[in-house]
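Results of the structural survey
Here is how the chains run, residue by residue.
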Amino acid sequence: MLLLIALAVGGLIPIQTAANSRLRLSVGNKPVVSALISFTVALCVAVIATAVLQGNPVPQFADGVSAPWWVWLGGAMGVCFVLGNILLFPRLGAVQTVVLPILGQVIMGLAIDRFGLFGAPVLEVTFMRVLGAVVVLAGIVMVLRAGKRPAVEGDAEGLELWLFRALGVLVGVGSAVQTAVNGYLGTIAGSSMHAGEINLAVGAVLLLVAALVTSPRQLARKPSPGPWWMWLGGLVGATFVISGATLAPLLGTATTVIAFNAGTIAAGQALEARGAFGARKNPLTATRLAGLVVIFLGVLAVRLL
């Protein structure tokens, strides 16, 4: 049952990306403003959930513990993840927006394990884990080659296309950093849920400053009408943070991450195959399905071997 819950939570991530991308259109095409709304809603939900589940929403830092400067990077990386997905979704489609960050997560995850970055324990990077990363790359190449669809307005092409794909990988690198930082922050802030609160609060503050600098007038305007699901981004973000904090101690971090990735890959394909939540329709092919399976097997090798 817990594995099914983790799969379902992972399946919400493409919906978050689609919702935030659609909300962007209703706030004057300002990605910073739509991300700010998403983070603010997620922070409110996380505070309420932490108060209910932990009894006290205020982080409890141990006396005499000095937090290193990089503990605040989690919020910044969360901002990069949300903004990156908002930019990538309309240009690359749901599947590429999902699978490209996985490569960045795998590469940065191996580096964090190998060198014990951000307070993480040093773990051996075996040949099989490196081979798993190569398998992930091969699967992504299969998906990219098999995922071509007729070009439409807004699609990235040529050099721009590869720049956006590189951004997708970098988004995944930032996501791995966020996970490691939050893991350490949870050990000194009272719990993983308190770490999630801090993460979302830092992100909301950064986005508020950015919105005041780049789009101050838009903050005073009411968003234009749109589909009901465009407001789901913040709720999904909070659900993901809370679920990760709750499931990881029960299932183990590796199993939780694998289940999240599996759910995300499956949901991304389902969205694009059906054209749901504003995704551009792109039917599933046998080669593309094989590529998604290869990506998942590579992630399994990296996490478990």
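Residues numbered from 1 in each chain as written. Predicted model: local features only at pLDDT ≥ 70, side-chain atom pairs only at ≥ 80, totals over all residues. Heavy atoms only, no water.

1. Quick notes on the UniProt feature "transmembrane region" (unreviewed entry) in the protein
When the UniProt feature table is mapped to this numbering, "transmembrane region" (unreviewed entry) covers residues 33-55, 67-88, 94-115, 127-146, 166-186, 198-216, 228-251 and 286-304. Between the first and last C-alpha atoms of residues 94-115 the distance is 33 Å; the span itself is 100% helix and 0% strand. Helix makes up 100% of residues 127-146 and strand 0%, and the two end C-alpha atoms of the span are 29 Å apart. (UniProt positions renumbered as here; feature names shortened; annotations may be inferred. Helix = DSSP H or I, 4+ residues; strand = E, 2+ residues; numbered from the N terminus.)

2. Thoughts on unusual backbone geometry
One non-glycine residue, Asn29, adopts positive backbone phi at about 60°. Inspection of the secondary structure puts Asn29 in the loop between helix 2 (13-26) and helix 3 (31-54). A positive phi is found at Phe118, a non-glycine position, where the angle reads about 55°. Inspection of the secondary structure assignment puts Phe118 in the loop between helix 5 (94-115) and helix 6 (127-146).

3. What to know about the side chain of His194
Summarising the element assignment, His194 is placed in helix 8 (residues 192-214). A distance of 2.7 Å separates the side chain of His194 from the side chain of Ser191, its partner in a polar contact. What His194 contacts, discounting residues up to four positions off in sequence, is Thr50, Gln54, Asn56, Pro57, Val58, Pro59 and Ala189. (Polar contact = N/O pair within 3.5 Å; in protein donor to acceptor, adjacent residues only side chain to side chain. Contact = heavy atoms within 4.5 Å.)

4. As for the nonpolar core
Counting residues in each nonpolar core, the largest one holds 25 residues, and the members touching the most others are Val99, Ile102, Val106, Val136, Ile140, Ile295 and Val299. Of all the secondary-structure elements, those providing two or more residues to this core are helix 4 (73-92), helix 5, helix 6, helix 7 (158-189), helix 11 (253-274) and helix 12 (286-304). At 8 residues, helix 5 tops the list of elements feeding residues into this core. Sequence-distant contacts of Val99, defined by excluding residues within four places in its chain, comprise Ile140, Val143, Leu292 and Ile295. Listed in part, the 17 residues of the second largest apolar core include Val181, Ile188, Ala189 and Val202. (Core = buried A, V, L, I, M, F, W, Y, C linked by side-chain atoms within 4.5 Å. Buried < 20%, exposed > 50% of the residue type's maximum accessible area, 1.4 Å probe, protein only.)

5. Some remarks on the pattern of salt bridges
Applying the stated rule across the entire model yields 1 salt bridge. A salt bridge links Arg129 to Asp113; its shortest N-O distance comes to 2.6 Å. Of this pair, Arg129 sits in helix 6 while Asp113 sits in helix 5; the two residues are 16 residues apart in sequence, bridging distant segments of the chain. Take Arg129 and Asp113: they sit in the same class, and that class is buried. (Salt bridge = Lys/Arg side-chain N within 4 Å of Asp/Glu carboxyl O.)

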